[in-house]
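Examination of the molecular architecture
For reference, the chains in residue letters:
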Amino acid sequence: MSASLSFTHLPHPAPTAAEVRAAVLANPGFGSTFTDHMVSIEWSEDANGIGGWHDAQVLPYGPIALDPAASVLHYAQEIFEGLKAYRHPDGSMALFRPDANARRFNASAQRLAMPELPEDLFVEAIQQLVRADKDWFPTVEGGSLYLRPFMIATEAFLGVRPAKQYKFLVIASPAGNYFKSGAPAVSIWVSDYTRAAPGGTGAAKCGGNYAASLVPTAEAFALGHDQVLFLDAAEHKWIEELGGMNLFFAFEDGSLITPALTGTILPGITRDSLLTLAREEGLTVSEERYSLDQWRADAASGKLIEAFACGTAAVVTPVGKVADRSGEFTIGTGGPGQLTGKLKARLTAIQRGEEPDAHGWVSVLD
Ligand code: PLP
Ligand code: COI
């Protein structure tokens, strides 16, 4: 089955009043308000045990009914994605690399023993929602419409095996700045906890990974930091990623390092895009191991001049300070660096349709 699946549009009995929406769009924050609609598609098996997607709907945003025995509530069979739609200067609406999110969604589905969604159906579902909620683009500088596609196991069954019924949903949330602090550079806390081990689910975007990161994240917040950093599970030495972002390190000799995709970190689409843009900027880019000790030493010697976090929600965010139980160190001046600013400007200009898209990353909606 593919995007030829037709979507039923259910009427909205009471869309948000224009003045209420305008207030949200002027000050959206991140992830706390939702648009008027959502998309829902069901997956189930027929009498012959052949599974398929059906009942695609664009419907009013609202609670969903779940059997209390639904597998997702017990064994956490859940995956999600995050991507943004942008309003371009010519008024058109565009998604950034939705095909890459579709591929990663299916890689996550495989790891969590869930059915894959045809890539064109994944993208079509998102487009349907953006069109339905086209009046929900933030009016603030740097705003976008954050899309959250996700899939849950809905079968009512307590045996531990892959479920036989699933629901795919897409919701949308007007988004401004991810970090509440609004600081020019973020402070990160190196956790003693482990996020992902070899052979685990670290490379999948499943809710369970984030559940496991909440205690370390709360600890980071309580200590006054903006994000948590995880090291590798085996040696607790190598830098992996933040709770919801990948990391880059920039050196005075023009080289740029990001941890390699070893199966325990999320293969970020922002990370991948920045690797390409950085090469185009003439930087020597490598995906390799980098230790916390080396980071501390390179920051002290001045060899390391900048570090930044990247992801759909956080875009490109400078890291100013790093702390663990042994103390803290500052990166460069502790504020935003030049290279970070340049890469962010290039990426966001492409996403926002202010620079030509030479890479085929921008997907304009009809
Ligand atoms: N790492 C984690 C754990 C994330 O949650 C995210 C956000 O999606 C990223 C990295 C960055 O991925 P992307 O750039 O595709 O948003
Ligand atoms: C994203 O950047 O899309 C994320 O999923 C990160 C975070 C909000 C969980």
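1. Notes on the site of ligand 2
- Neighbouring residues of ligand 2: F30, F80, G82, Y146, R148, Y178, K205, Y210, G244, T312 and A313.
- One of the backbone nitrogen or oxygen atoms of T312 is found 3.5 Å away from an oxygen atom of ligand 2.
- Taking A313, its main chain carries an N or O atom lying 2.8 Å from an oxygen atom of ligand 2.
- Relative to its free-state accessible area of 280 Å², ligand 2 is covered by the protein chains to the extent of 88%.
- When atom positions are compared with the pocket grids, ligand 2 is found to occupy the largest pocket.

2. Topic: the packing of aromatic side chains
- Going through the model one piece at a time under the given rule, you end up with 15 aromatic pairs.
- Relative to F308, the ring of F248 has its centre 5.0 Å away and its plane inclined at 10°; by these criteria the two rings are stacked. With F248 in strand β12 (residues 246–251) and F308 in strand β15 (residues 304–311), this pair connects stretches of sequence that are 60 residues apart.
- Relative accessible area serves as the criterion here: at 0%, F248 is assigned to the buried category.
- Take F308: its relative accessible area is 0%, and that puts it in the buried class.
- Taken together, the ring pairs in this structure connect F249, F251, Y290, W295 and F329 into an aromatic cluster.
- Over the aromatic face of F157 sits the side chain of R161, whose NZ or CZ is 3.8 Å from the ring centroid.
- Geometry around W238 places R289 over its ring, the cationic atom sitting 3.8 Å from the centre.

3. Some points on the nonpolar core
- If you look at the biggest cluster of nonpolar residues, it comprises 42 residues, and the most contacted ones within it are I41, W53, V130, L147 and F168.
- Counting residues per element, this core draws most heavily on helix α4 (residues 119–132), at seven residues.
- Leave out the neighbours within four places in its chain, and L147 touches E81, G82, L83, K84, A85, L95, I126, L129, V130, I171 and A172.
- Listed in part, the 25 residues of the second largest apolar core include M245, I257, L292 and I331.

4. A few points about the site of ligand 1
- In the vicinity of ligand 1, 17 residues are found, and the nearest of them are R104, Y210, E241, T270 and T312.
- At a separation of 2.5 Å, a nitrogen atom of ligand 1 approaches a polar side-chain atom of E241.
- Between ligand 1 and T270 there is a distance of 2.6 Å, counted from an oxygen atom to a side-chain nitrogen or oxygen.
- If ligand 1 stood free it would expose 380 Å²; the protein chains cover 96% of that surface.
- The cavity where ligand 1 resides is the largest pocket.
- For the shell around ligand 1, the elements supplying multiple residues, two or more each, are β11 (239–242), α7 (269–280) and β15.
- For the shell around ligand 1, the per-class residue count stands at six nonpolar, seven polar and four charged.

5. Regarding the domain arrangement of the protein chain
- Split by domain assignment, the protein chain resolves into domain 1 (8–175) and domain 2 (186–351).
- Just the C-alpha atoms count here: the centres of domain 1 and domain 2 sit 27 Å apart.
- With both sides pooled, the region where domain 1 packs onto domain 2 buries about 1,600 Å², and carbon together with sulfur makes up 60% of that total.
- Area buried by domain 1 at its contact with domain 2 is led by F80, F96 and R104, which between them contribute 37% of it.
- For the pair domain 1 and domain 2, the number of links is one salt bridge.

6. Here's the deal with the side chain of R271
- Positionally, R271 belongs in helix α7.
- Leaving out residues up to four positions away in the same chain, R271 has contacts with N246, F248, T258, P259, A260, L261, E287 and C310.

7. Considering the pattern of salt bridges
- Counted under the stated rule, the structure contains 18 salt bridges.
- Of the charged contacts in the structure, one is a salt bridge between D293 and R296, with a shortest N-O distance of 3.3 Å. Of the two residues, D293 and R296 both sit in helix α8 (residues 292–301), three residues apart, roughly one turn of that helix.
- With a closest N to O distance of 3.0 Å, E355 and R346 form a salt bridge.
- Exposure remark for E355: the relative accessible area of 23% places this residue in the partly exposed category.
- A single network of salt bridges, built from pairs that share partners, joins E280, E281, K342, R346 and E355.

8. Some details on unusual backbone geometry
- The phi torsion at D55 lies on the positive side, around 55°, for a residue other than glycine.
- Position of D55 relative to the elements: it lies in strand β3 (residues 51–60).

So, how was this worked out
Residues numbered from 1 in each chain as written. Chains lettered and ligands numbered in written order. Predicted model: local features only at pLDDT ≥ 70, side-chain atom pairs only at ≥ 80, totals over all residues. Heavy atoms only, no water. Near = heavy atom within 4 Å. Polar contact = N/O pair within 3.5 Å; in protein donor to acceptor, adjacent residues only side chain to side chain. Areas by Shrake-Rupley, 256 points an atom, 1.4 Å probe, with all protein chains shown as cover. 1 Å grid on protein atoms, 1.4 Å probe; cavity = no way out; pocket = protein on both sides within 12 Å on 5 of 7 lines; lining within 4 Å. Sits in = over half its atoms within 2 Å of the grid points. Phe/Tyr/Trp six-rings, centres within 6.5 Å; stacked < 30°, edge-to-face > 60°. Helix = DSSP H or I, 4+ residues; strand = E, 2+ residues; numbered from the N terminus. Buried < 20%, exposed > 50% of the residue type's maximum accessible area, 1.4 Å probe, protein only. Lys NZ or Arg CZ within 6 Å of the ring centre and 35° of its normal. Core = buried A, V, L, I, M, F, W, Y, C linked by side-chain atoms within 4.5 Å. Contact = heavy atoms within 4.5 Å. Nonpolar A, V, L, I, M, F, W, Y, C, P; charged D, E, K, R; others polar. Domains from an automatic or database assignment. Buried area = accessible area lost by both parts, 1.4 Å probe. Salt bridge = Lys/Arg side-chain N within 4 Å of Asp/Glu carboxyl O.

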